[in-house]
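# Examining the three-dimensional arrangement
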Amino acid sequence: GAGVSQSPSNKVTEKGKDVELRCDPISGHTALYWYRQSLGQGLEFLIYFQGNSAPDKSGLPSDRFSAERTGGSVSTLTIQRTQQEDSAVYLCASSLDRGAVTDTQYFGPGTRLTVL
Amino acid sequence: AQRVTQPEKLLSVFKGAPVELKCNYSYSGSPELFWYVQYSRQRLQLLLRHISRESIKGFTADLNKGETSFHLKKPFAQEEDSAMYYCALSGGKGQNFVFGPGTRLSVLP
């Protein structure tokens, strides 16, 4: 089957606008992660969904950022009132998370967000 | 708090030379350590994990709990090894991941 997909691949928006980024994980994967990759920076953890548990939102940088995962599958990351510093590549990853140890994360191609 | 450091932003070596990408971590419990790699124009992907104790593409990494390190090593670098390498830590199943800032490896001909 297909890997993790993300849409759009590129998004250019104006400062102050809201944006929605979508992630389709691999079918059957219960865990889903969002990361932000800024130029010259590493991967910054944003949010983690695991099955029906409450998501770990500890990485969200401000209350302008939110994410949801509907039906345990597709996830949407929403950034409200975008700022120029939000410009980055947003990566989504999913994993099977069975057993006692952490499973491999499979990454999507990312969405490159540019805020003008 | 969980933290992963990779002291080198860029590492350049000549083809055939040994390479070591450094990774140090801070974590109060027993972490799971990983190396992820991103080749040019490709997705980020798992290279290896300490639990598996395997060698992938000639790379190995040993978890040293005393030094809190998980350095990635390869005895003879190849040009196709040029990529961005990220060390990552997880507290275990159900825990989030922390990635290091990454090291860009450039293998020169």
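Everything below is about the structure printed above this text.
Described in the following lines is the structure provided in the data block. (Residues numbered from 1 in each chain as written. Chains lettered and ligands numbered in written order. Predicted model: local features only at pLDDT ≥ 70, side-chain atom pairs only at ≥ 80, totals over all residues. Heavy atoms only, no water.)

Turning to the overall build of chain B, a few remarks are in order. From N to C terminus, chain B includes 0 helices and 11 strands. Reading the helices (α) and strands (β) of chain B from amino to carboxyl end gives β-β-β-β-β-β-β-β-β-β-β. Taking 109 residues into account, the globule formula puts the C-alpha radius of gyration at 13 Å, and chain B, at 13 Å, falls close to it. Projected onto its principal axes, the C-alpha positions of chain B cover 40 × 30 × 25 Å. By the burial criterion, 45% of the 109 residues in chain B qualify as buried. Counting only contacts in chain B whose residues sit at least 6 apart along the sequence, the fraction spanning at least 24 positions is 59%. (Helix = DSSP H or I, 4+ residues; strand = E, 2+ residues; numbered from the N terminus. Rg over C-alpha atoms; globule rule 2.2 N^0.38 Å. Buried < 20%, exposed > 50% of the residue type's maximum accessible area, 1.4 Å probe, protein only. Contact = heavy atoms within 4.5 Å.)

Okay, the pairing of strand S5 (residues 32-38) of chain B next. Residue and element names in this part refer to chain B. Within S5, 7 of the 7 residues are buried, leaving the element largely enclosed by the surrounding structure. Of the two faces of S5, the one lined by Glu32, Phe34, Tyr36 and Gln38 and the one lined by Leu33, Trp35 and Val37 are each fully buried. When S5 meets strand S9 (residues 83-90), the two strands line up antiparallel, connected through 7 bridges. In the sheet register, Tyr36 faces S9, and the bridge partner there is Tyr86. (Pairing = 2+ DSSP bridges.)

Across the contact, 21 residues belong to chain B and 25 residues belong to chain A. In total, about 1800 Å² of surface goes out of reach between chain B and chain A, with carbon and sulfur atoms giving 50% of it. Along the contact surface separating chain B from chain A lie 0 salt bridges. Counting the contacts that link chain B with chain A gives 4 residue pairs in polar contact (both at pLDDT 80 or more). Of all the secondary-structure elements, those providing two or more residues to the side of chain B that touches chain A are S5, strand S6 (45-49), S9 and strand S10 (97-99) of chain B. It is S5(B) that contributes the most residues to the side of chain B that touches chain A, 4 residues altogether. Considering only residue class, the side of chain B that touches chain A consists of 9 nonpolar, 7 polar and 5 charged. (Buried area = accessible area lost by both parts, 1.4 Å probe. Salt bridge = Lys/Arg side-chain N within 4 Å of Asp/Glu carboxyl O. Polar contact = N/O pair within 3.5 Å; in protein donor to acceptor, adjacent residues only side chain to side chain. Nonpolar A, V, L, I, M, F, W, Y, C, P; charged D, E, K, R; others polar.)

A complete count under the given rule lists 7 salt bridges over all chains for this structure. Among the ionic pairs, Glu44(A) bridges to Arg36(A), the shortest N-O distance being 3.0 Å. Exposure remark for Glu44(A): the relative accessible area of 30% places this residue in the partly exposed category. Here Asp86(A) ties to Arg64(A) by a salt bridge, and the two come within 2.8 Å at their closest N and O atoms. Here the residue Asp86(A) occupies a position in the loop between strand S7 (75-79) and strand S8 (88-95), and Arg64(A) occupies one in the loop between strand S5 (43-50) and strand S6 (65-69), the gap between them amounting to 22 residues. Through salt bridges with shared partners, one network takes in Glu20(B), Lys22(B) and Lys73(B).

All right, on to the state of the cysteines then. Taken as a whole, this structure holds 2 disulfides over all chains when the rule is applied. Across the disulfide from Cys23(A) sits Cys92(A); the S-S distance is 1.8 Å. Residues Cys23(A) and Cys92(A) are joined by a disulfide whose S-S torsion is about -65°; by sign, that bridge is left-handed. Highlighted residues: Cys23(A) in strand S3 (residues 19-24) and Cys92(A) in strand S8, separated in sequence by 69 residues. Taking relative accessible area as the criterion, Cys23(A) reaches 0% and is therefore assigned buried. Among the residues examined, Cys92(A) registers a relative accessible area of 0% and is labelled buried. Put simply, Cys23(B) and Cys87(B) are joined by a disulfide, and their sulfur atoms are 2.0 Å apart. The sign of the S-S torsion, about -65°, decides the handedness of the disulfide formed by Cys23(B) and Cys87(B): left-handed. Residue Cys23(B) is located in the loop between strand S3 (19-21) and strand S4 (24-26), and its partner Cys87(B) is located in strand S9; the two are separated by 64 residues in the primary sequence. (Disulfide = S-S within 2.5 Å.)

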